[in-house]
Amino acid sequence: MLSRTAENLFWMARYMERAEATARLLTMGQRMAILPGAHHRDEWRSVVRATGAGHQFPEDTIVTESDAVSFMMLDADNPSSIRSCLLKARANAKSARTMLTQDMWEALNEGWRKLDSYDVGEARQQLPTLIDWVKTRVMTFRGAAHSGQLRNEGHDFLRAGSALERAQMTLRLLDVKYYVLLPETEVIGGNRDHYQWTSVLHALSGSRAYHHVYGGTYTPWQITDFLMLNRLFPRSVAYCYDQLAYRLNRLAGWHDARAACHETVHDMVAALEKLDSGEIFRFGLHETVQHGLSSTNRLGAEIAEAYHFG
Amino acid sequence: MPFHEMFEPDGSVRSCYDEVQQWVERTGIAGLNRRMDEAEAIFRRIGITFAVYGEGGDPERLIPFDLLPRIFTAQEWRVLDKGIRQRARALNAFLHDVYHRGEIVKAGIMPADIIYRNSAYLAEMADFTPPGKVYSHIVGIDIVRTGPGSFEVLEDNCRTPSGVSYMLENREIMTRMFPELFNQGIVAPVDDYPAELLKSLKEVAPPACKGDPVVVVLTPGSLNSAYYEHSFLADLMGVELVEPADLFVDGDRVYMKTTLGPKAVDVIYRRIDDEYLDPLVFRADSLLGVPGIFNVYRNGGVTLASAPGAGIADDKAVYIYVPEMIRFYLGEKPILDNIQTWQCGKPDEMAYVLENLHELVAKEVHGSGGYGMLIGPKSTKDEIAAYAARIRANPGEFIAQPTLDLSTVPTLGPAAVVGRHADFRPYCLVGKQIRLVPGGLTRVALTEGSLVVNSSQGGGVKDTWVLQD
């Protein structure tokens, strides 16, 4: 396969996951912002911080829902906005068109300029509908790939890209939780805390799954355990790392060659296996998350190097 | 009145259109218009678009599609088929001749200037013979009709004729929306085209090729106006779609960069212009292209389809001589006529053109896509005077043709079936054999009376049927 095609598939999947992740972050922001007193707590700042763009907003003003929706959904200059992600995913797809099934292409092509026509007022008004639309696009795309794409190396690049981005999304969502923790005024395990933790689960469509695993009780360490370490939940960091290891192993098999990325992913899986949620909190959730984000970034760069991305 | 493809002068339906007529009556004009919207939605969803730059608005446009097919009878097609193949053979023989002995010039049939001073002539191709002696592997010939039995060639496209994806997609849409029309098996299928193209390309593999030839389609990239077609053809042939940056030269071969390392390429169906092929030979200022590829080509390491320099055969000044070429190289009588053409480069012909510009169509020799044309009868006095001044300044750059009484094809209007002018482009494949699928692209001017069918200027497309006996 052309290196350029592999790169396009990898990034196309990343952008689609990122669009969905950003949509989920917006959902979570809205849920948190309807809590009493949210306005004073600047909840939306934690959400934009989780996208890695906190510095774009001045410290001395409150980040409003308008700011967040405009920046995260519509902003053409923000490379991580949903609009940018969908456009870039489609551009990648166009470049790798011959590796896509017709259904995959149609999923990316339908309504590809839809967000161009929205202003922030309309977008806020229709936020749930738009978020559903984004999620449906991503799920249709994913389903089309799942049910139609040849299981060749192209599929492995696609799935590796998506697993990498998804691990980052879950890590970032956990980080939102870190940012909204207000230790001075809130007790861990208090009502608001409880509500915020469940928001994280909800944003990841993981509430039901969580109940099946842990029963009806919410505790920060169990939720963290679930999102970081549960190997059965497809959005957990552990699950995504396993996927990455599996996909990279298959690529090593196709090419009969191993590179730095194969060692790195192996180490990432092994390190996570040794952890339990108690240790995560002892080490610090934020620190654990930051460490995870930097290893996934490094892994991404190593994959690009191993397969001669441009 | 121009010849109408569907109706006789007395208003009765030509028999080849019987099925269509019944279908129109059954469905009703309103019903057909509703189906047009559905067809458009399908085109948009599949992503069959072409790009138009610099005009604002949606950069990826749909070409308007018309539901009513253009129909050739089996008998009409037999003539076209023979005439097209004949022309493709003559054009390839001409290309070989101009890059070798130049016998057509020596025989006094064509003036040397037209060839050797032409910007499409590439001195770098002299004395080189491409595999199989094939220069133009896909010959697109634009044909118009002026009467029941008269088909005339408007121009030849020997470089990279585009539009074949529309031939295939138009048929796809029609069979999807109106399966009942095809159930009787009266329409000859065209879906072999990609397989035939691949066969033709493999037949011209270079001497260095061992085993099954590796074929690729070379595109300038996803911003090119015909990118959809490039990816579509690569897809249907099951070959890689590469951009120049995916290719590199090492020693005597061309390779593509893959995740497994370099892989040798044998045949490149290139959809980029000569001048952007190789910055070492053609345009040093270009960032496009594959450095060294031309040298590999000349040494038999790779085949370029179509051959560099093949564009000399689609020059409008060369076009005039194609009937002569057929007689000279093939010793045959031309089956398809040219349109009468005056060359402004010849003083007496220029005089005639300037005098009669108000009733002629004048064109730039190197122009394409309907740009830079003057349609005399539809122009103002000032426009004609301005164009005449341009001709006087550079006579050799212009030709002129009569405004033909082009046939009209049935086209769906809001309230009735109307007649619109159309042309027709079949795609003739040249490898070791010559192949032609029964069909092609019919382009139609959607405005009443208009003669401009180019997609860049608002023309539309429709399915083309060749009826089986």
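No experiment lies behind these values; they were computed from the predicted model shown.

1. Points about the pairing of strand β19 (residues 417-425) of chain B
Residue and element names in this part refer to chain B. Pairing analysis gives 5 bridges linking strand β18 (residues 408-412) to β19, with the strands arranged antiparallel. Across the sheet, residue threonine 408 finds its bridge partner in β19, namely histidine 421. Hairpin connection, β18 to β19: the antiparallel pair is bridged by 4 residues. Sheet topology places β19 next to strand β22 (residues 441-444); 4 bridges connect them, and they run antiparallel. Bridge pairing in β22 links aspartate 423 to arginine 443.

2. With respect to the packing of aromatic side chains
Aromatic ring pairs: the centre-centre distance and the angle between the two ring planes describe each pair. Across all of its chains, the model carries 31 aromatic pairs over all chains by this definition. For the ring pair tyrosine 193 of chain B and tyrosine 427 of chain B, a centre distance of 6.4 Å and an interplane angle of 70° mean the geometry is edge-to-face. One end of the pair, tyrosine 193 of chain B, is in helix α8 (residues 193-203); the other, tyrosine 427 of chain B, is in strand β20 (residues 427-430), with 234 residues separating them in the sequence. With a relative accessible area of 1%, tyrosine 427 of chain B lands in the buried category. Taken together, the ring pairs in this structure connect Phe10, Trp11, Tyr15, Phe157, Tyr307 and Phe309 of chain A into an aromatic cluster. Between arginine 90 of chain A and the ring centre of tryptophan 112 of chain A, over which it is positioned, the NZ or CZ distance is 3.6 Å. Positioned above the aromatic ring of tryptophan 133 of chain A is the side chain of lysine 114 of chain A, whose terminal nitrogen or guanidinium carbon lies 5.1 Å from the ring centre.

3. Quick word on the environment of tyrosine 321 of chain B
Residues and elements named next belong to chain B. Along the chain, tyrosine 321 turns up in the loop between α11 (316-319) and α12 (322-330). Residue classification places tyrosine 321 among the buried positions, given a relative accessible area of 8%. Spatially, the C-alpha atom of tyrosine 321 lies 7.2 Å from that of methionine 110, the residues being 211 residues apart in sequence. The contacts of tyrosine 321, once residues within four sequence positions are left out, are Ile109, Met110, Pro111, Ile114, Gln343 and Lys346.

4. Some thoughts on the interface of chain A and chain B
Counting from both sides, the interface comprises 24 residues of chain A and, opposite them, 23 residues of chain B. Of all residues in chain A, Leu2, Lys94 and Thr98 of chain A give up the largest surface area on contact with chain B, accounting jointly for 30% of the area buried on that side. At the surface where chain A touches chain B, the tally comes to 2 salt bridges. Where arginine 4 of chain A meets aspartate 246 of chain B, a salt bridge forms, and the shortest distance between an N and an O atom there is 2.4 Å. Inspection of the chain A/chain B interface yields 11 residue pairs in polar contact (both at pLDDT 80 or more). Looking at the side of chain A that touches chain B, the elements with two or more residues in it are α1 (3-33), α5 (82-95), α6 (102-109), α9 (153-180) and α13 (237-255) of chain A. Here the element with the most residues in the side of chain A that touches chain B is α6 of chain A; it accounts for 4 residues. Residue composition of the side of chain A that touches chain B, by class: 9 nonpolar, 7 polar and 8 charged.

5. As for the sheet that holds strand β9 (residues 253-258) of chain B
All names here are of chain B. Strand order in the open sheet made by the 3 strands is β8-β9-β10, with antiparallel pairing throughout. Each edge of the open sheet is held by one strand with a lone partner, namely β8 (247-250) and β10 (261-265). Sheet twist, expressed as the mean angle between neighbouring strand axes with direction ignored, is 45°. Bridge count for β9 against β10 is 5 bridges, and the pairing is antiparallel. By the bridge assignment for β10, lysine 257 is matched with proline 262.

6. Describing the nonpolar core
Grouped together as the largest cluster of nonpolar side chains are 97 residues, with contacts concentrated most on Met12 and Met73 of chain A. For this core, the leading source of residues is α1 of chain A, giving 14 residues. Not counting residues within four places of it along the chain, the set of residues in contact with methionine 73 of chain A comprises Leu26, Ala68, Ser81, Ile82, Arg83, Leu115, Leu127, Leu130 and Ile131 of chain A. Counting 74 residues, the second-largest nonpolar core is a separate cluster that includes Leu2 of chain A together with Val105, Phe294 and Val296 of chain B.

7. Comments concerning the confidence of the model for chain B
Averaged over chain B, the pLDDT score is 91; the fraction of residues at 70 or greater is 96%. ipTM for the predicted complex: 0.74, alongside a pTM of 0.86.

The rules behind the values
- Residues numbered from 1 in each chain as written.
- Chains lettered and ligands numbered in written order.
- Predicted model: local features only at pLDDT ≥ 70, side-chain atom pairs only at ≥ 80, totals over all residues.
- Heavy atoms only, no water.
- Pairing = 2+ DSSP bridges.
- Helix = DSSP H or I, 4+ residues; strand = E, 2+ residues; numbered from the N terminus.
- Phe/Tyr/Trp six-rings, centres within 6.5 Å; stacked < 30°, edge-to-face > 60°.
- Buried < 20%, exposed > 50% of the residue type's maximum accessible area, 1.4 Å probe, protein only.
- Lys NZ or Arg CZ within 6 Å of the ring centre and 35° of its normal.
- Contact = heavy atoms within 4.5 Å.
- Buried area = accessible area lost by both parts, 1.4 Å probe.
- Salt bridge = Lys/Arg side-chain N within 4 Å of Asp/Glu carboxyl O.
- Polar contact = N/O pair within 3.5 Å; in protein donor to acceptor, adjacent residues only side chain to side chain.
- Nonpolar A, V, L, I, M, F, W, Y, C, P; charged D, E, K, R; others polar.
- Axes fitted to C-alpha atoms, helices over the stretch in contact; angles between N-to-C directions.
- Core = buried A, V, L, I, M, F, W, Y, C linked by side-chain atoms within 4.5 Å.
- pLDDT = per-residue confidence, 0-100.

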